[in-house]
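Spelled out from the first residue to the last, the chains are:
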Amino acid sequence: MRTILLVDDEPKVRRHLRTGLPWQQWGYRITGEASNGKEALQQCGLSAPDIVMIDVTMPVMDGLELLGELSRKYPNTRSIILTAHQDFHYAKQAMQLGAVGYLLKTPLDAEEVRSVLERAGKDVDKERSAQQSQLARQQLLKSYHYPVRQKYFEQLLTGLYATEDEIIRQADVIGIHLPFGSYTLLLCQMDELIAEGARYPDKDRPLVEFSTLELVREALDESAIGRYELFPIAYGQFIILCDAGRTPAAEIRSGIIQLARVMAEPLRKFMNIQLTVLAGDSYMHIKQTRSVFAAVRSKLPALFYVSRQCPAFTSELPALGTMPKEEWNRLAALWKEQATEGGPHHVTAWLQTAEKTLRLHQPHPEQVLAWLNTLVSNAAAAWQGTNSFARTPDASDNETSPIPAGCLQLEKTLLAVARWSDVWTKRLASSVEVRPEIAACLKFIREHLHEDLSVDAVAQQAQLSPSYLSHLFKKEVGATVNDYILEKRIEQAKVYLTSGQYLNYELIEKIGFRSYSYFCNVFKKSTGMTPNEYKRTHKPSISL
């Protein structure tokens, strides 16, 4: 219900107003009374009425003075003037001061009162609706702060905004203030977040990204480093636009170095994430952001070969080169000789030669990554083809490509290959030679863990009798068929629990268990932990 404050210095008039009209029936409620303007202001501060009905002639502070104070302090409150005077000079003054209506106290006409109240009430409802819309909009912007900023920057890059004024005006609508003295664009990339994105299920990625961006924003705000605006552009990547003002180039460089250090520290400390910052040249007009961004992004691959600095400056990065076909062929032949034929323990020697050659020619990183993935995939297939494994250290070791997506440094790329070769060295050392039919059974089991596997089903695949398969399997592998199936299922369960890809009750169907309680008992017997305990122990932590 709309609320009303009665203001009149005569108690009888206030009582008559309070009791002589059907307020509740009309949809109103009297929330208080005051005998002068000063008391009325105090009441407004306490109860915030929607409408104030004000007598003109009062001691201490009269009605016209009160109207002036209300319009200044409580602009959303609507006022109606009450007076015994029929002089319309008062009405004119009252309207000028913001009153929505003018009523004679004698005689008080109920229909006229209701009509004026309805006019004031419509104003109140309109104001409430506007406030609620504004509140909802602010809440929406707060809840979707980064997605809104990302969408705006995408539109800026596509050239949707035709003029400088439109770019700034559209930014202002969503709480972004871009009239800077001059601009410096920083392209920031969280390397581990991109490279290890597969660690987090899709449903958790917005939380992870929000956490990292909030760490950056809070660090920048606390440092009082100057005016800036932050725009996410992709998972693990964001843009910082800085106000460079009219600062000399040397001071801008110093400020960028300090800003990069401020951003990088909390990410390293709380989330063990390395931040790459690539700074472009300063520019004068916001409309240039599109071309500057393209220029900065085009330089990002050059960081693949330089010692990682935070920040790096586009003007100081060397251009990428091309590697002659003979060099690619030479390294590939050496890989076949040392790694594919010699075994994974020879990979390290090959990597040293490859690093020197790649640094000398500096081909595009995408070409290097695709080429390395082909080499290691072929080597893994060759090693897998010459050995059938009865046991593997971990189900994730079956990956043939060791290089994480988004690997941005040559050193990290080659280190990933070296670690992968170490895993394969251990696997080969612990592997056993088995008969072809048993090798086929092992492959069948690993590929059909989600199905209702049994000795009979596996024996049918090998075209052997169940009894003979059981005897042969135990002799070759060192475990019964059922024990091996159970072992592989537990290994796969660990992978799913660690990644968070499925809920506990969902993953049991993916690995062939039909009872969750049975799965829990088997898992605890195998690992010493319940599935939830294992998940808490191994799941990546997120700092908020």
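Heads up: these notes are all about the structure in this document.

Here is what the cut-offs are and how they apply
- Residues numbered from 1 in each chain as written.
- Predicted model: local features only at pLDDT ≥ 70, side-chain atom pairs only at ≥ 80, totals over all residues.
- Heavy atoms only, no water.
- Helix = DSSP H or I, 4+ residues; strand = E, 2+ residues; numbered from the N terminus.
- Buried < 20%, exposed > 50% of the residue type's maximum accessible area, 1.4 Å probe, protein only.
- Contact = heavy atoms within 4.5 Å.
- Areas by Shrake-Rupley, 256 points an atom, 1.4 Å probe, with all protein chains shown as cover.
- Core = buried A, V, L, I, M, F, W, Y, C linked by side-chain atoms within 4.5 Å.
- Pairing = 2+ DSSP bridges.
- Axes fitted to C-alpha atoms, helices over the stretch in contact; angles between N-to-C directions.
- Parallel < 35°, antiparallel > 145°, perpendicular 65-115°, else oblique.
- Left-handed = near helix turned anticlockwise from the far one by under 90°.
- Nonpolar A, V, L, I, M, F, W, Y, C, P; charged D, E, K, R; others polar.
- Expected span 1.5 Å × (residues − 1).
- Arc of directions from axis to C-beta.

As a further point, take the overall build of the protein. Within the protein, the regular secondary structure consists of 23 helices and 10 strands. Taking all 544 residues of the protein together, 44% fall into the buried category. For the protein, the share of sequence-separated contacts (at least 6 apart) that also reach a separation of at least 24 residues comes to 71%. Summed over its atoms, the accessible surface of the protein is roughly 27800 Å², and 52% of this surface lies on carbon and sulfur atoms.

So, on to the nonpolar core. Taken as a class, soluble globular proteins show a tendency for nonpolar side chains to be buried jointly. Judged by nonpolar contacts, the single largest core of 32 residues is most densely connected at Leu 186, Phe 238, Ile 240, Met 263 and Leu 275. Where this core is concerned, the elements lending two or more residues are β6 (183-190), α10 (205-223), β7 (228-234), β8 (237-243), α11 (249-271) and β9 (275-279). Not counting the four nearest positions on each side in its chain, Ile 240 is found in contact with Thr 184, Leu 185, Leu 186, Cys 188, Leu 220, Tyr 228, Glu 229, Leu 230 and Met 263. Ranked by size, the runner-up nonpolar core spans 29 residues in total, among them Leu 351, Val 368, Leu 375 and Ala 418.

Attention now moves to the sheet that holds strand β5 (residues 99-104). Strands in a sheet are paired, the pairing made by backbone hydrogen bonds, and the direction either parallel or antiparallel. Here we have five strands laid out as an open sheet, ordered β2-β1-β3-β4-β5, and parallel in their pairing. In this open sheet, the two strands that pair with only one neighbour each are β2 (28-34) and β5. Adjacent strand axes in the sheet meet at a mean angle of 25° when their direction is disregarded.

Contact geometry of helix α17 (residues 436-447) with helix α18 (residues 455-462) gives a least axis separation of 9 Å together with a crossing angle of 130°. Our classification of the angle between α17 and α18 gives oblique. Crossing geometry of α17 relative to α18 is assigned as right-handed. Note on element contacts: α18 touches α17 through Ala 457, Val 458, Gln 461 and Ala 462, opposite Glu 437, Cys 441, Phe 444 and Ile 445. Among the residues making up the contact of α17 with α18, the classes are represented as six nonpolar, one polar and one charged.

Helix length check: helix α14 (residues 347-361) (15 residues) gives 21 Å between terminal C-alpha atoms against 21 Å at 1.5 Å per residue, within 8%. Val 347, Trp 350, Leu 351, Ala 354, Thr 357, Leu 358 and His 361 are the residues of α14 that are buried. What you see down the axis of α14 is that its buried residues fit within an arc of 135°, all on one side. Within α14, the exposed residues directed more than 90 degrees away from the buried face are Gln 352, Lys 356 and Leu 360. Just downstream of α14 lies Gln 362, where phi reads positive at about 50°.

This part covers the packing of helix α20 (residues 481-499) against helix α22 (residues 516-527). The contact between α20 and α22 brings their axes to 11 Å, and the two run at 95°. It follows that α20 is roughly perpendicular to α22 by the angle criterion. Residues Leu 486, Ile 490, Ala 493, Lys 494 and Leu 497 of α20 pack against Phe 519, Val 522, Phe 523, Ser 526 and Thr 527 of α22. Its residues placed into classes, the contact of α20 with α22 shows seven nonpolar, two polar and one charged.

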